[in-house]
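Below are the chains, spelled out letter by letter.
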Amino acid sequence: GNSRFNDVEENSNNLAALNKSVTSSIEKVYTAVADGKSCEDIKLNGVDRGGIGEYKLVDSNGNVSIVTCDMRGVTGRQISGLDGSSKAKAALSCLQILKDFPSKKDGVYWLNPHKPGDSAQARTYWCNMEEDGGGWTLVYHSYFSNSYPPPESTRNWKYWVKDNWGLIPTSNPVRWERFYMTALVDFRALAGETSYDGASVMRIMAQDGMKPGNFIDLENFHMNWQFGLQCSNIQTVRSKLCEDQDNCFVDAKGFSSSDVDNDNDNLNSRVCVQEFGKVGWWYDTCYSHNPMRTDSSQHFSGTVAGAMKGTEFWTWYVR
């Protein structure tokens, strides 16, 4: 197929505007060029660098504190101290919660990567706070179920963009027999649109948890405005997950995911999403590591090298 990113029906313009405005949930940390009394003060004086980052505040008594400020809007907002315990306390990310509250444990937390502290767009997420440094936000999970297509995986574009797929786990999902993916608009907000402002890594993990050899990290991971997956170590990912094939789900161009409304693969003569039962995924040329193909051991885990080969559970985290 060669039609690229067709218009989204029903509120597509609003979604596109929202998507383009979202930059990142975990930006590179920096200190303000000049001190300020508050995040609002720094923004008002024009000494911020936009995005989200750490700033040094100095109050009228000369007391210094380091806080995280969200400078993406018209005014600066302090987002430190949001513990994700409620909608009103929805945090930027699992990593931000762990940074502000180091004793937090694995569990379900409220996040809003678009506007922390605003309950309007807040959702619950599973946060892995205890493995390999913690601060991992769950974005995807699937398992080999011998049935195809997975429930509700043939839905159209607008639902992949704005709605979660499946339910949030309430315990560690490493061997969870359910399907889940966060809404693409939130996935990208957590990942960022460039290698500068995004999460530093997306971890694709097999069924034995975060132990050496059981995962592959997509470094400098980000998701472009068309929701394409991009990273700096594409060749390593292809070697570990896609048998060194060029037609992997991660591509230097960051091709968009396909679904029943949008054929975004790199073929002119075939329509991969139709050949795969209308299931949404990042198709390239109809063959890749594809954990949505739950009835095919070859696609689900047969293309994987090393200890991960043959896994029956895939879990994706960003941090």
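Residues numbered from 1 in each chain as written. Predicted model: local features only at pLDDT ≥ 70, side-chain atom pairs only at ≥ 80, totals over all residues. Heavy atoms only, no water.

### Topic: the state of the cysteines
Just so we agree on the cut-off: Throughout, disulfides are identified as pairs of cysteine sulfur atoms within 2.5 Å of each other.
Counting across every chain of the model gives four disulfides. Listing the disulfide partners of the protein by sequence rank of the bonded cysteines yields 1-2, 3-4, 5-6, 7-8. Residue Cys231 stays outside any disulfide, its sulfur separated by 8.8 Å from that of Cys248, the closest cysteine.

### Here's the deal with helix H6 (residues 234-241)
As a reminder of what qualifies: Partly exposed describes any residue whose relative accessible area lies between the buried limit of under 20% and the exposed limit of over 50%, with all areas from a 1.4 Å probe on protein chains only and scaled to the type maximum. A run of H or I in DSSP becomes a helix once it reaches four residues, and a run of E becomes a strand once it reaches two; helices and strands are each numbered from the N terminus. Directions from the helix axis toward the C-beta atoms define the arc. Two residues form a contact once any of their heavy atoms are found within 4.5 Å.
If you check which residues of H6 are buried, you get Ile234, Val237, Arg238 and Leu241. Projected onto a plane normal to the axis of H6, the buried residues spread over an arc of 100° and lie on a single side. In the core, the buried residues of H6 are packed alongside strand E8 (201-205), strand E9 (215-219) and strand E12 (313-318).

### Quick look at empty space enclosed by the protein
Note the cut-off: As defined here, a cavity is a set of points on a 1 Å grid over the protein atoms alone where a 1.4 Å probe fits but cannot get out. A pocket is an open set with protein on both sides within 12 Å along at least five of seven lines, and residues line them when an atom is within 4 Å of a point. Grid points are joined across faces, edges and corners, and a volume is the space filled by probe spheres set on the points.
Summed over all chains, the structure comprises one cavity of 30 Å³ or more. Estimates place the volume of the largest cavity at around 60 Å³.

### Description of the packing of aromatic side chains
Just so we agree on the cut-off: Any pair of Phe, Tyr and Trp rings, taking the six-membered ring for Trp, is counted once the centres come within 6.5 Å. Such a pair is stacked with planes under 30 degrees apart, edge-to-face with planes over 60 apart, and tilted for the rest. Distance and angle both matter: a charge sits over a ring if NZ of Lys or CZ of Arg is within 6 Å of the ring centre and within 35 degrees of the ring normal.
Using the criterion set out here, one finds 17 aromatic pairs in the structure. Arranged with centres 6.3 Å apart and planes meeting at 45°, the rings of Phe187 and Phe221 form a pair that is tilted. With a gap of 34 residues between them, Phe187 in helix H5 (residues 184-191) and Phe221 in the loop between E9 and strand E10 (222-223) connect regions that are remote in the sequence. When the ring of Phe276 is compared with that of Tyr283, the centres are 5.0 Å apart and the planes differ by 40°; the resulting orientation is tilted. Of the two residues examined, Phe276 and Tyr283, each falls in the buried class. Ring pairs connect the aromatic residues Tyr140, Phe187, Phe221, Phe249, Trp281, Trp282 and Trp316, which therefore count as one cluster. One Lys or Arg, Arg155, reaches over the ring of Trp160 and ends 4.3 Å from the middle of that ring.

### Remarks on the sheet that holds strand E1 (residues 52-58)
Operational definition: Note: two strands are recorded as paired if DSSP finds a minimum of 2 bridges between them.
Strand order across the open sheet formed by three strands is E1-E2-E3, with antiparallel pairing between neighbours. The open sheet is flanked by E1 and strand E3 (77-78), the only strands paired with a single partner. With two bridges connecting them, strand E2 (residues 64-70) and E3 associate as antiparallel partners. Residue pairing for E3: Cys69 is matched across the bridge by Gln78.

### Quick word on the nonpolar core
Just so we agree on the cut-off: Buried residues of nine kinds, namely Ala, Val, Leu, Ile, Met, Phe, Trp, Tyr and Cys, make up a nonpolar core once their side-chain atoms join them within 4.5 Å.
Grouped together as the largest cluster of nonpolar side chains are 75 residues, with contacts concentrated most on Phe187, Met202, Ile204, Leu241, Phe249, Trp282 and Trp316. Residues in contact with Ile204, not counting those within four places in the same chain, are Asn214, Phe215, Ile216, Leu218, Leu241, Phe249, Met308, Trp314, Thr315 and Trp316.

### A closer look at the environment of Gly135
Structurally, the position occupied by Gly135 is in the loop between strand E5 (123-128) and strand E6 (136-143). In this structure Gly135 comes out as buried when scored by relative accessible area, which is 0%. In this structure, the C-alpha to C-alpha distance between Gly135 and Tyr317, residues 182 residues apart in sequence, is 9.5 Å.

### A short note on H5
Extensive coverage of H5 is indicated by the burial of eight of its eight residues. Three or more residues of H5 are buried, namely Leu184, Val185, Asp186, Phe187, Arg188, Ala189, Leu190 and Ala191. Positive backbone phi, approximately 85°, marks Gly192, located one or two places after H5.

### A short note on the environment of Thr124
Relative to the helices and strands, Thr124 resides in strand E5. Thr124 gets classed as partly exposed once you look at its relative accessible area, which sits at 24%. Separated by 39 residues in sequence, Thr124 and Ser85 place their C-alpha atoms 9.6 Å apart. In contact with Thr124, other than residues within four places in its own chain, are Val108, Tyr109, Trp110 and Ile168.

### Quick word on the side chain of Thr182
For clarity, the threshold we go by: Definition of a polar contact: a pair of N or O atoms within 3.5 Å, with one able to donate and the other able to accept a hydrogen when the atoms are protein atoms, and with sequence-neighbouring residues admitted only if both atoms are side-chain atoms.
Here Thr182 shows up in the loop between strand E7 (180-181) and H5. Side chain to side chain, Thr182 and Asn164 meet in a polar contact 3.4 Å long. In contact with Thr182, not counting residues within four places along its chain, are Tyr125, Val139, Asn164 and Phe187.

### Comments concerning the environment of Val260
Among the structural elements, Val260 can be located in the loop between H6 and helix H7 (272-275). For Val260, a relative accessible area of 29% puts it in the partly exposed group. Ignoring anything within four residues of it in the chain, the contact list for Val260 reads Thr154, Arg155, Asn156, Val273 and Lys278.

### Considering unusual backbone geometry
Residue Pro149 is reached from Tyr148 by a cis peptide bond, and omega for that bond is 0°. Here Pro149 is to be found in the loop between E6 and helix H4 (157-162).

### Let's talk about the confidence of the model for the protein
Operational definition: Values of pLDDT, ranging from 0 to 100, describe the predictor's confidence in every residue of the model.
When pLDDT is averaged along the protein, the result is 85; 87% of the residues meet or exceed 70. The lowest-confidence element of the protein is helix H1 (residues 12-21), averaging 39 in pLDDT; the highest-confidence one is strand E4 (residues 107-111), averaging 98. Predicted confidence for residues 2-34 stays below pLDDT 50, and this span has 91 contacts to residues more than four positions away or in other chains.

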